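Given next are the chains, with one letter for each unit.
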Amino acid sequence: MAVANERAARALREVLLKPGNSACADCGAPDPSWGSCSLGTFICLECSGIHRNIPSISKVKSLRLSSWEDLEVQFLAEHGNTAAKAKYEAAVPVYYYKPTHRDCQVLREQWIRAKYERKEFTEPGKPLPYEEEVKEEMLMKRGRDNGQFLSRKFVLIEREGVLKYYTKYDAKEPKAIIRVDTINATFQPIKIGNPNGLQITFLKDYSTRNIFVYHENGKTIVDWLNAIRATQFHNLQVAFPGATDTELIPKLTRNFLKEGYMEKTGPRQTEGFKKRWFTLDQRRLMYFKDPLDAYAKGEVFIGQRDMGYKAIAGLPSSTHNNRTWQFGITIQTPDRNFLFTCETEEEQQDWLVQFQKVMDKPMSPQEFSMEAHLKHK
């Protein structure tokens, strides 16, 4: 048996070198360290834990610590990640959010269950829960003022391109009507304090508004994310009939480029530095007193470099030394400089990298319009 296992171990290493097997079949993490004997895939440690919780569809083993039989290795060799994707991801809608290893547990778990347990993508034409013309659900929504989560009715109407929510199930008039083309939605389990927490951000009169929701059922809340993306995508197809899928996908919901605390000072740069929560969403750098605030206290537009925007480490020598954190960042814009400080040098460098990535990209016509509106607010 020991000889057979050694032979199997060598064969397993060879199979792992085949194209497609060097990254997790489910989240794309590099160097997968586990395998599914029943699906014939190589997966990462985190995804293996999800597979282990669905024993009806997957039996997993460690590539390094488990004993492998010849037949199991042969099965992996005959299948592998590329073949599994061709079978289980044959008909994934272009708008569907495929999670990566950087995404939260609920996104990855529902992606894995959708593929292998529910087999949602094995053939085209299947009815999908996120492609309903009208989607209605009671979601738990955080109150803007009191912070309590209460049940609210949400209705997504694809034909109208709007998301409505009501304070009561039988309410005749919605509390808000939100155009889906202004929406961003991203999972924020740590910030919201719920593993299924979803942050919905939208623009109202060029101001950013946040609402925070969750549903106890992981499938339900992930279906809502993809329903919003489906509605956005179909409305974009109507608005831009000549555009390719590749051009439209970046206009759907997206993860924030970076979030975290920094200190900032006011426009005179003599005021005390105050700790604020910052969110970088494309070219909008928003800051909040609290991460769960409904409205941003202010926004900084991050334009492109050759339009007079620059991010540099450090603060001007004239800056008053009334700050707690010492790792400064200066954002230069055509109108004024914005001064921030970070708690650590690592945070400072990470923010600078993100700012510079944004500044290196050319601005779209819509972003020029956004810049003009923010300047005149």
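This one's a predicted model, so the numbers in the text were calculated from it and none came from an experiment.

(A) Broad picture of the overall build of the chain. A tally of regular secondary structure across the chain gives 10 helices and 17 strands. Each of the three principal axes of the chain carries a C-alpha extent, and together these read 75 × 55 × 45 Å. Counting the 377 residues in the chain, one finds 50% classified as buried. Within the chain, counting contacts between residues at least 6 apart in sequence, those at least 24 apart form 52% of the total. Summed over its atoms, the accessible surface of the chain is roughly 18,900 Å², and 51% of this surface lies on carbon and sulfur atoms.

(B) Structural view of the pattern of salt bridges. This model, assessed by the stated rule, comprises 21 salt bridges. Between Arg113 and Glu117 there is a salt bridge, and its shortest N-O distance comes to 2.9 Å. Taken together, the residues span about one helical turn, with Arg113 and Glu117 both in helix α5 (residues 105-117) at a distance of four residues. Taking the relative accessible area as the measure of exposure, Arg113 reaches 17% and is therefore buried. It is possible to trace a salt-bridge network through shared partners that takes in Asp26, Lys85, Glu89, Lys98 and Lys115.

(C) Broad picture of the sheet that holds strand β4 (residues 134-142). Overall, antiparallel pairing links the seven strands, which are arranged β7-β6-β5-β4-β10-β9-β8 in an open sheet. Two strands lie at the open edges of the sheet, namely β7 (176-179) and β8 (184-187), each paired on one side alone. Here the strands of the sheet are splayed against their neighbours by 35 degrees on average, with no regard to which way each runs. Both β4 and strand β5 (residues 149-157) contribute to a ladder of nine bridges, which runs antiparallel. Residue pairing across strands places Leu139 opposite Arg152, the latter belonging to β5.

(D) Here's a closer look at the pairing of β8. Side chains Asn184 and Thr186 of β8 all project onto a buried face; the interleaved residues Ala185 and Phe187 project onto the opposite face, where all are buried too. Across four bridges, β8 lies against strand β9 (residues 198-204) in antiparallel orientation. Looking across to β9, one finds that Asn184 is bridged to Thr201.

(E) Molecular detail of the packing of aromatic side chains. Enumeration according to the criterion identifies 14 aromatic pairs in this entry. With a centroid separation of 5.3 Å and an interplanar angle of 25 degrees, the aromatic rings of Phe154 and Tyr165 are classed as stacked. Here Phe154 is found in strand β5, whereas its partner Tyr165 is found in strand β6 (residues 162-166), with 11 residues between them in sequence. Of the two residues, Phe154 and Tyr165, both sit in the buried class. Within the aromatic cluster, the residues linked to one another by ring pairs are Tyr95, Tyr96, Trp111, Phe121, Tyr130 and Phe233. Between Lys61 and the ring centre of Trp68, over which it is positioned, the NZ or CZ distance is 5.6 Å.

(F) Expanded view of unusual backbone geometry. Its identity is not glycine, yet Lys119 carries a phi of approximately 50 degrees, on the positive side. Its location among the elements puts Lys119 in the loop between α5 and β4. Classification of Lys119 as partly exposed rests on a relative accessible area of 36%. If you check the backbone angles, Gln282 has positive phi at about 55 degrees while not being a glycine. One can find Gln282 in the loop between β12 (274-281) and β13 (284-288).

(G) Representation of helix α2 (residues 45-52) in the model. When α2 is considered as a whole, its buried residues turn out to be Cys47, Ser48, Ile50 and His51. End-on view of α2: buried residues confined to an arc of 155 degrees, all on one side of the axis. Buried residues along α2 sit against β1 (34-36), β2 (41-43), β3 (60-62) and α5.

(H) Spotlight on the layout of surface pockets. Its boundaries defined by the atoms lining it, the second largest pocket holds a volume of some 610 Å³. Together, 19 residues line the second largest pocket, and Arg102, Phe187, Gln188, Asn255 and Phe256 are the ones closest to its centre. For the lining of the second largest pocket, the elements supplying multiple residues, two or more each, are β8, α6 (189-192) and β11 (258-264). At three residues, the largest contribution of residues to the lining of the second largest pocket is made by α6.

(I) Examining the sheet that holds strand β17 (residues 337-342) more closely. Judged by pairing direction, the sheet is antiparallel, and its seven strands sit side by side in the order β14-β13-β12-β11-β17-β16-β15 without closing on themselves. At either end of the open sheet lies a strand with only one pairing partner, and these are β14 (298-301) and β15 (310-313). Averaged over all neighbouring strand pairs, the angle between strand axes comes to 35 degrees, with direction disregarded. Of the pairings in the sheet, the one linking β11 to β17 comprises two bridges and is antiparallel in character. When the sheet's bridge partners are listed, Lys264 is paired in β17 with Phe340.

(J) Up close: the environment of Phe240. Counting through the fold element by element, Phe240 comes out in the loop between α7 (218-239) and α8 (245-248). As for Phe240 and Gly193, which are separated by 47 residues in sequence, their C-alpha atoms are 38 Å apart.

Rules behind the numbers
- Residues numbered from 1 in each chain as written.
- Predicted model: local features only at pLDDT ≥ 70, side-chain atom pairs only at ≥ 80, totals over all residues.
- Heavy atoms only, no water.
- Helix = DSSP H or I, 4+ residues; strand = E, 2+ residues; numbered from the N terminus.
- Buried < 20%, exposed > 50% of the residue type's maximum accessible area, 1.4 Å probe, protein only.
- Contact = heavy atoms within 4.5 Å.
- Areas by Shrake-Rupley, 256 points an atom, 1.4 Å probe, with all protein chains shown as cover.
- Salt bridge = Lys/Arg side-chain N within 4 Å of Asp/Glu carboxyl O.
- Pairing = 2+ DSSP bridges.
- Axes fitted to C-alpha atoms, helices over the stretch in contact; angles between N-to-C directions.
- Phe/Tyr/Trp six-rings, centres within 6.5 Å; stacked < 30°, edge-to-face > 60°.
- Lys NZ or Arg CZ within 6 Å of the ring centre and 35° of its normal.
- Arc of directions from axis to C-beta.
- 1 Å grid on protein atoms, 1.4 Å probe; cavity = no way out; pocket = protein on both sides within 12 Å on 5 of 7 lines; lining within 4 Å.
- Points joined across faces, edges and corners; volume = space filled by probe spheres on them.

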